[in-house]
Amino acid sequence: MNAKVAADNTAGVSRWNDTTVSVTARVDALIDAMTLQEKTAQLYGVWVGASDEGGEVAPHQHDMEEPVALDALLPTGLGQLTRPFGTVPVDPALGALSLARTQTRIAATNRFGIPALAHDECLAGFAAWGATAYPVPLSWGATFDPDTVRRMACAIGRDMRAVGVHQGLAPVLDVVRDARWGRVEETIGEDPYLVGTIGTAYVQGLESAGVVATLKHFAGYSASRAGRNLAPSSMGPRERADVLLLPFEMAIREGGARSVMNAYTDTDGVPSAADEELLTGLLRDTWGFDGTVVADYFAIAFLKTLHGVAADWADAAGLALRAGIDVELPNVKTFGAPLAEAVADGRVPEALVDRALRRILTQKARLGLLDPDWNPLPAALEGADLDDPAALRGRIDLDGPENRALARTIAEEAVVLLSNDGTLPLERPRRIALLGPNADEAVAVLGCYSFPQHIGVRHPGTPHGIELPTLRDALAAEFPDAEITVVRGTGIDDGDLTSLREAARAAREADIALVVLGDRAGLFGRGTSGEGCDVETLALPGAQQQLLDALLDMETPLVTVLLAGRPYSLGRAVQESAAIVQSFFPGEEGTHAIAGVLSGRVNPSGRLPVSVPRGPGSQPATYLGARLAHAGEVSNVDPTPAFPFGHGLSYTRFDWTDLAVDVREAPTDGEFTLALTVRNTGGRSGTEVVQLYLHDPVASVVQPVQRLVGYARVDLEPGEARRLRAVVPADLASFTGRDGRRVVEPGELELRLAASSADPRLIARVTLTGAERHLDHTRRLRSVIEQQPVARA
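From a predicted model like this one, the values you see are computed outputs, not experimental measurements.

Conventions we followed
Residues numbered from 1 in each chain as written. Predicted model: local features only at pLDDT ≥ 70, side-chain atom pairs only at ≥ 80, totals over all residues. Heavy atoms only, no water. Helix = DSSP H or I, 4+ residues; strand = E, 2+ residues; numbered from the N terminus. Rg over C-alpha atoms; globule rule 2.2 N^0.38 Å. Buried < 20%, exposed > 50% of the residue type's maximum accessible area, 1.4 Å probe, protein only. Contact = heavy atoms within 4.5 Å. Areas by Shrake-Rupley, 256 points an atom, 1.4 Å probe, with all protein chains shown as cover. Salt bridge = Lys/Arg side-chain N within 4 Å of Asp/Glu carboxyl O. Pairing = 2+ DSSP bridges. Axes fitted to C-alpha atoms, helices over the stretch in contact; angles between N-to-C directions.

Things to note about the overall build of the protein
When helices and strands are tallied, the protein shows 23 helices and 28 strands. In terms of overall size, the protein behaves like a compact globule, its C-alpha atoms giving a radius of gyration of 27 Å where 793 residues would be expected to give roughly 28 Å. For the protein, the C-alpha atoms occupy an extent of roughly 85 × 70 × 55 Å along the three principal directions. By the burial criterion, 63% of the 793 residues in the protein qualify as buried. Relative to all contacts within the protein whose residues are 6 or more apart in sequence, the contacts with residues 24 or more apart total 78%. On the protein, roughly 28,100 Å² of surface is accessible, and the fraction owed to carbon and sulfur atoms is 48%.

A few points about the pattern of salt bridges
Per the counting criterion, the structure on display carries 47 salt bridges. Of the charged contacts in the structure, one is a salt bridge between R180 and D178, with a shortest N-O distance of 2.7 Å. For R180, a relative accessible area of 14% gives the class buried. Here D178 falls in the buried class, since its relative accessible area comes to 3%. A salt bridge links R472 to D440, with the shortest nitrogen-to-oxygen separation between them at 3.4 Å. Remark: D440 occurs in the loop between strand 12 (431-435) and helix 18 (451-454) and R472 occurs in helix 19 (residues 471-478); sequence separation between them is 32 residues. A relative accessible area of 36% places R472 in the partly exposed class. One salt-bridge network, held together by shared partners, links D399, R404, R408, E588 and E589.

Some thoughts on the sheet that holds strand 21 (residues 707-716)
Strand order in this open sheet of 5 strands is 18-26-25-20-21, and the pairing throughout is mixed. Of all strands in the sheet, those bounded by a partner on one side alone are strand 18 (665-667) and strand 21. With strand direction ignored, the average angle separating the axes of adjacent strands in the sheet is 25 degrees. The pairing of strand 18 with strand 26 (residues 760-769) spans 3 bridges and is parallel. Its bridge partner being in strand 26, E665 is matched across the sheet by T767.

Encoded structure:
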């Protein structure tokens, strides 16, 4: 024990454990007392799995590298524990005990009593066995409802803290640029304002529960060429600034996110993991972020193996550390011995190690991990007999009634009714033909980062841990008097059409036919949607389009239902299907939500967070395109979608009237105020989603034809009306100018109040006056829309 440690111990409480002094002083004292090996030990994690018997965690056997020997590492300390719950199926209570026992050992083994920070995945709910599987982020986007997403994230965070987890690897703030990319299901949509506002709400909810939110993937991952996972990104600095960075900026400034994860990709030849301008210059020096930057799994090693910008592991470590990465995940590879050796021989300054260490220890101190009364045992296990693990099994419920109710609310709000000729809602059908590969498939509602699809598939025979009613189950409950005939017709992607005739016969003999198509979530080619499951076209996987076309030839009305992770071209169904219902992996309550929309128990209110293509091949395409990206005489390829961003139907009708603009001219540092009235003129309660788009007819650089700058969900009873008042700052008209600076230019604008990006209802033409104005990161990022009731006529 060195002299400083001994001196502090003789005083009773070490300075770094003294909560009466500032966090800065505590961290300074700790850094001063540490050896180089103890410092670097805080800069990496170890991938482990909790024990289902309540014993200590075990290192994860991963096929990308050799397992880590904990006994050899722990005397110098450990920065993080990687995915203790998201690695193997484990009862939550026994997993919490396993984690607590391991934390006790970690703290007792190193000189300073520092525990590890435990992180896990929480993309669509806490990715642990038995935890609620909420809808995927693409469904969050479909709700246009930040408040409910915030509540969901808070519930997820409470569950994580209940078992001893400190950090969650979510949300994904990548903006969809090419729907062929496999990770579209993990995103919130194709518009940066929607991604930013919904993602910020998620961050606020998770952080309010005491869990560190981690923004992914910084930055440009979704802009990879041809939608291929990890492919280089060809975006220019303007696209990066105006489209891809906005959600991250919003989530840091307004959400208070305390961690950021780098993207795997390179942009113009510079990998994000080695991009000092991005991870330090922009993120920290400009935006003022003071949290931790954690490496996406294996990203630092990839600087050598995939990017070819590092000669060896020490070189990779130095590049990442200099760029601004603080923590190597999931395992120690470069930040251990290679980094220590590089510091010792002068290749990497120790000051860079200290810089990262300071951020890590500051976060641990703020989480209470350096406090003298720190206790690894979560409150849920206090008072329990820890010597009887069997008695603990089932003590912690991560899927209680409140969680399921919240999961159902989000699932219901996220269902999008794309088309309807009046067939829906169904009126007590006597015979239902339920057809297609997802008609009777329990996991069809789950994304690739749900526990059953991410981990459970590697443990056949282990129950899912949650109830997953199939659509067949949900329809049987919704229509108890109906005779339901189920025929698969074809598989998700196997091309098997041996039961096609049986499906056609069932449709012919039914009063209504439902065909349930879409995806199977998986990883790296083991699914049709998910990480590493990229596609060449947006045609339905396998032989599903052939099944769909055959059923459209029947005289029986056909309702097409999608359980998918991305939008697909639907061919003839766009015009010929009686109705189309789109759901993006809606989670464990998803089939109840879809059945409710089919029966009319639920009035659909979801809106498309991504456009649905008319054809399978015109990618990449987005409503955010400039004029030349839209249909025109200069190309025979028409990228106009079948259903545009923001589209969604209801079972009631809404009138938009009485547009008022308080001031039609405002200075470039001013704001506009608009008002309109929305009334439910139909016969049942419903929700309208009012969307506000900005169109800039003339600008110094090419602009999207329009972009979302505001939205509001308006819940109305029959005959009820609300007056909406929108305040739109001139800052929202800003963009990156020719000189690389953000600018607001004087001139005319259109503010379009719309039911979708292709359905403007009311247009306000306004003018910005005065001189050009340059903005920085302190600009206003969002509009404000307030609602007031209107007296009934």
